[in-house]
Amino acid sequence: MNEKQSKSTHNGAAKSGRMIRAARGLLDWNQQDLAQKANVGLSTVRRIENGTGPVGLATNYFAVRKACEDENIRFIDESDQPGVIAGVLLIDPDLRSDS
């Protein structure tokens, strides 16, 4: 992996980690709550949020993300809205279109 790819991977991991941390904040969960709901270790949640070090299997990241999504969190990875690159939304369960 060259330096540019390494920076891109690190930036992607950091952005994903910030989004997970933001989702956890919207849900008023601490890291232990998220780890339990995602059935992963506390250190895995910490590494994901910090965007540093290996998180083990990719399934760990997706388990953490799904635990948030199961509580009506929606992640916006890319947007066609000017100025919006990524974000996290807490959706009112009564207004969900997939219910």
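See the structure above.
Residues numbered from 1 in each chain as written. Predicted model: local features only at pLDDT ≥ 70, side-chain atom pairs only at ≥ 80, totals over all residues. Heavy atoms only, no water.

J.: What exactly am I supposed to notice about the packing of aromatic side chains here?
T.: For any pair of aromatic rings, the description consists of the separation of the ring centres together with the inter-plane angle of the planes. For the structure shown, the criterion picks out 1 aromatic pair. Aromatic pair tyrosine 61 and phenylalanine 62: ring centres 5.3 Å apart, planes at 75 degrees, arrangement edge-to-face. Given the relative accessible area of 17%, tyrosine 61 is considered buried. (Phe/Tyr/Trp six-rings, centres within 6.5 Å; stacked < 30°, edge-to-face > 60°. Buried < 20%, exposed > 50% of the residue type's maximum accessible area, 1.4 Å probe, protein only.)

J.: Help me understand the packing of helix H3 (residues 42-50) against helix H4 (residues 58-69) in this model?
T.: The description of two packed helices rests on the angle between their axes and on the distance between the axes. Here H3 crosses H4 at 85 degrees, and the two axes come no closer than 11 Å. Taken together, the axis directions place H3 and H4 in an arrangement best described as roughly perpendicular. Between H3 and H4, the contacting residues are Thr44, Val45 and Ile48 on the first element and Asn60, Tyr61 and Val64 on the second. Taken together, the residues of the contact of H3 with H4 break down into 4 nonpolar, 2 polar and no charged. (Axes fitted to C-alpha atoms, helices over the stretch in contact; angles between N-to-C directions. Helix = DSSP H or I, 4+ residues; strand = E, 2+ residues; numbered from the N terminus. Parallel < 35°, antiparallel > 145°, perpendicular 65-115°, else oblique. Contact = heavy atoms within 4.5 Å. Nonpolar A, V, L, I, M, F, W, Y, C, P; charged D, E, K, R; others polar.)

J.: I tried to follow the pairing of strand E1 (residues 73-76) on my own but got confused; where do I start?
T.: In the case of a regular strand, side chains alternate between the two sheet surfaces. Alternating positions in E1 separate cleanly, Ile73 and Phe75 being buried on one face and Arg74 and Ile76 remaining unburied on the opposite face. As paired strands, E1 and strand E2 (residues 87-90) are joined by 4 bridges and run antiparallel to one another. Bridge assignment links phenylalanine 75 to a residue of E2, and that residue is valine 88. (Pairing = 2+ DSSP bridges.)

J.: Just to check I follow, could you spell out H4 for this structure?
T.: Since there are 3.6 residues in each turn of an α-helix, residues three or four apart along the chain are aligned in direction. In this model H4 runs 17 Å from its N-terminal to its C-terminal C-alpha over 12 residues, within 8% of the 16 Å that 1.5 Å per residue would give. Of the positions making up H4, those classed as buried are Asn60, Tyr61, Val64, Arg65, Ala67 and Cys68. Buried positions in H4, seen along its axis, are confined to an arc of 155 degrees and lie on one side of it. In H4, the exposed positions that point more than 90 degrees away from the buried face belong to Ala58, Thr59 and Phe62. (Expected span 1.5 Å × (residues − 1). Arc of directions from axis to C-beta.)

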